[in-house]
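# Structure assessment
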Amino acid sequence: MHGTGLPSDWITRWAHLVAPGGSVLDVACGGGRHLRWFAARGHPVTGVDRNAEALAGLDTLAECVLADIEAHPWPLHDRQFDAVVVTNYLWRPLWPALLASLAPGGLLLYETFASGQETIGRPSRPEFLLQPGELLARCADLRIIGYEDGVLRQPDRFVQRIAAVRPPVVGAEPVRHVLPECAAPQG
């Protein structure tokens, strides 16, 4: 089943920016690879997916919300989270709800397929592929902590990914984001 493997390196790379015990929303969580990873680190997690089979068994780890977020209203309209995680999923009409789900100072971790993917495999339809710079544009009101747009290997895929923080409440203590160490380029 999709989503039962290891968490994305992008997610684990930036997860340290989520406050200890901070709430995490995993959107289109599938089998819960990120939900499980955050829950194992003591975060209260809410997972949303339209597939009841995918959510089966995750309710002991997290709050599970069965919802078709493409065909019905956003089920968590009155809630905010310290982190919102989205991987391998794109539904553009959902962007306002995703951004509204970020608490002040909250972290958005987003990674999905990008334009160019259609040259090597699926997904190949434009509605499922981010256009160049699209994540940067969508997150223009957030503080960008990390961003990549390119090709990943094994398996080969075109992706865009972003780590971005919603500004804290005016007058609040500024949040200091410690960036992960980058590996030296391989020669």
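Let us look at the structure shown here. (Residues numbered from 1 in each chain as written. Predicted model: local features only at pLDDT ≥ 70, side-chain atom pairs only at ≥ 80, totals over all residues. Heavy atoms only, no water.)

## Quick look at the packing of aromatic side chains
- On inspection of all chains with the given rule, the structure shows three aromatic pairs.
- Taking 5.2 Å as the distance between ring centres and 90° as the angle between the ring planes, the aromatic pair formed by W37 and F38 counts as edge-to-face. As far as burial versus exposure is concerned, W37 and F38 are alike and both buried.
- On the basis of an interplanar angle of 15° and a centroid distance of 4.9 Å, the ring pair of W95 and Y110 is categorised as stacked. (Phe/Tyr/Trp six-rings, centres within 6.5 Å; stacked < 30°, edge-to-face > 60°. Buried < 20%, exposed > 50% of the residue type's maximum accessible area, 1.4 Å probe, protein only.)

## Quick look at unusual backbone geometry
- The step from Q154 to P155 runs through a cis peptide bond, and the omega angle for that step is 0°.
- Positioned with a positive phi, N88 is a non-glycine residue whose angle comes to about 55°.
- Checked against the element boundaries, N88 lands in the loop between β4 (81-87) and α4 (95-100).
- Taking relative accessible area as the criterion, N88 reaches 31% and is therefore assigned partly exposed. (Helix = DSSP H or I, 4+ residues; strand = E, 2+ residues; numbered from the N terminus.)

## Some words on the sheet that holds strand β3 (residues 63-66)
- Ordered by their spatial adjacency, seven strands build an open sheet running β3-β2-β1-β4-β5-β7-β6, and the pairing between neighbours is mixed. Looking at the sheet topology across the chains shown, the edges are occupied by β3 and β6 (143-152). Taken over all neighbouring pairs, the strand axes of this sheet differ in orientation by 10° on average, direction set aside. (Pairing = 2+ DSSP bridges. Axes fitted to C-alpha atoms, helices over the stretch in contact; angles between N-to-C directions.)

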